[in-house]
Amino acid sequence: MNKLTVCFDADGVILDSVPTVVQLNHELTGEIPKIHHSQSTSWNFQDIITADVDTINSYFEHPRFFELVPFISDNILSMKSLLEELLSEHDVEVSICTKGTVNNFISKQSWLEERLPQFNIDNMSRVDFDVEGKPNVNSLIFVDDVSKNFNGKSKYKILFRKNGLITEYNEYVPDNVIVVNSVCQLASTIFEILDFERVR
């Protein structure tokens, strides 16, 4: 029997990157955020901090980022718990993709190996892109927090909106994309799909 494949984007789905970048920026510059990170709706942090794009990108490679960054969680469930549960399923294969730089990718691998040792690190990849600039992800289920990242290759596409926050990068919902607003809702959706696929 073929494995049921579930692919997760890393930043914004597994790693709680936004508050970590804001905290790191404060530690390095002393800048007080303009608004709380949970209210941010911009793609490049412009409504929270004044750092330019190059500076923000450098934060994603900073060793302190990986000391600070937690798994995304809600009041009921964390992404770590969801991943552990999926990894315990004998017929499920979990993969994680990221478009980060080589240094960011290597640091994410180390971060995951330390915190989720049962994850097969060979199933983490730097994503390549199709001619439309969308990630080439071909899995049964693909979970991302950015609307434009969905192509037609994955059977089930899930748009993750942390705490239900609508932003400039997740406002548009493409056709045949399922929207979830919490880790708990994401878990329910994934296991419902897996159960359905098992009896087909």
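Engineer: Help me understand the pairing of strand β5 (residues 156-160) in this model?
Structural biologist: Walk down a regular strand and you will see the side chains alternate between the two sheet faces. Most of β5 sits out of view: five of its five residues are buried. Where burial is concerned, the two faces of β5 agree: the one with Tyr156, Ile158 and Phe160 and the one with Lys157 and Leu159 are both buried. The pairing of strand β4 (residues 141-144) with β5 spans four bridges and is classified as parallel. When the bridges of β5 are listed, Ile141 appears paired with Tyr156. Here β5 pairs with strand β6 (residues 177-180) via four bridges, running parallel. Note on β6: the bridge partner recorded for Ile158 is Ile178.

Engineer: Is there a simple way to explain the environment of Ile166 in this structure?
Structural biologist: Within the secondary structure, Ile166 is located in the loop between β5 and β6. Look at Ile166 and you get partly exposed, because its relative accessible area is 45%. For the pair formed by Ile166 and Ser40, sequence separation is 126 residues and the distance between their alpha carbons is 9.3 Å. Leave out the neighbours within four places in its chain, and Ile166 touches Thr41, Arg161 and Glu171.

Engineer: How should the packing of helix α4 (residues 79-87) against helix α6 (residues 183-198) be read in this particular structure?
Structural biologist: Any two packed helices are characterised by how steeply their axes cross, that is the angle between the axes, and by the distance between the axes. It is at 10 Å that the axes of α4 and α6 come closest, and there the two elements cross at 15°. Put simply, α4 runs roughly parallel to α6. Here α4 and α6 pass one another in a crossing that is right-handed. In contact with Met79, Leu82, Glu85 and Leu86 of α4, α6 contributes Val183, Leu186, Ala187, Ile190, Phe191 and Leu194. Among the residues forming the contact of α4 with α6, the class breakdown is nine nonpolar, no polar and one charged.

Engineer: Explain the sheet that holds strand β3 (residues 124-126) to me, please; I cannot follow it from the model alone.
Structural biologist: The strands that make up a sheet are held in pairs by hydrogen bonds between backbone atoms, and each pair lies either parallel or antiparallel. Reading across from one edge, β3-β2-β1-β4-β5-β6 is the order of the six strands in this open sheet, with parallel pairing throughout. Two strands close off the open sheet at either side, each with one partner strand: β3 and β6. Ignoring strand direction, the axes of neighbouring strands in this sheet form an average angle of 25°. Bridging between strand β1 (residues 4-9) and β4 involves three bridges; their strand directions are parallel. Counted as the bridge partner of Cys7 is Phe142 from β4. Those strands touched by helix α5 (residues 102-115) are β2 (92-98) and β3, and its axis lies near 170° from that of β3.

Parameters and conventions
Residues numbered from 1 in each chain as written. Predicted model: local features only at pLDDT ≥ 70, side-chain atom pairs only at ≥ 80, totals over all residues. Heavy atoms only, no water. Buried < 20%, exposed > 50% of the residue type's maximum accessible area, 1.4 Å probe, protein only. Helix = DSSP H or I, 4+ residues; strand = E, 2+ residues; numbered from the N terminus. Pairing = 2+ DSSP bridges. Contact = heavy atoms within 4.5 Å. Axes fitted to C-alpha atoms, helices over the stretch in contact; angles between N-to-C directions. Parallel < 35°, antiparallel > 145°, perpendicular 65-115°, else oblique. Left-handed = near helix turned anticlockwise from the far one by under 90°. Nonpolar A, V, L, I, M, F, W, Y, C, P; charged D, E, K, R; others polar.

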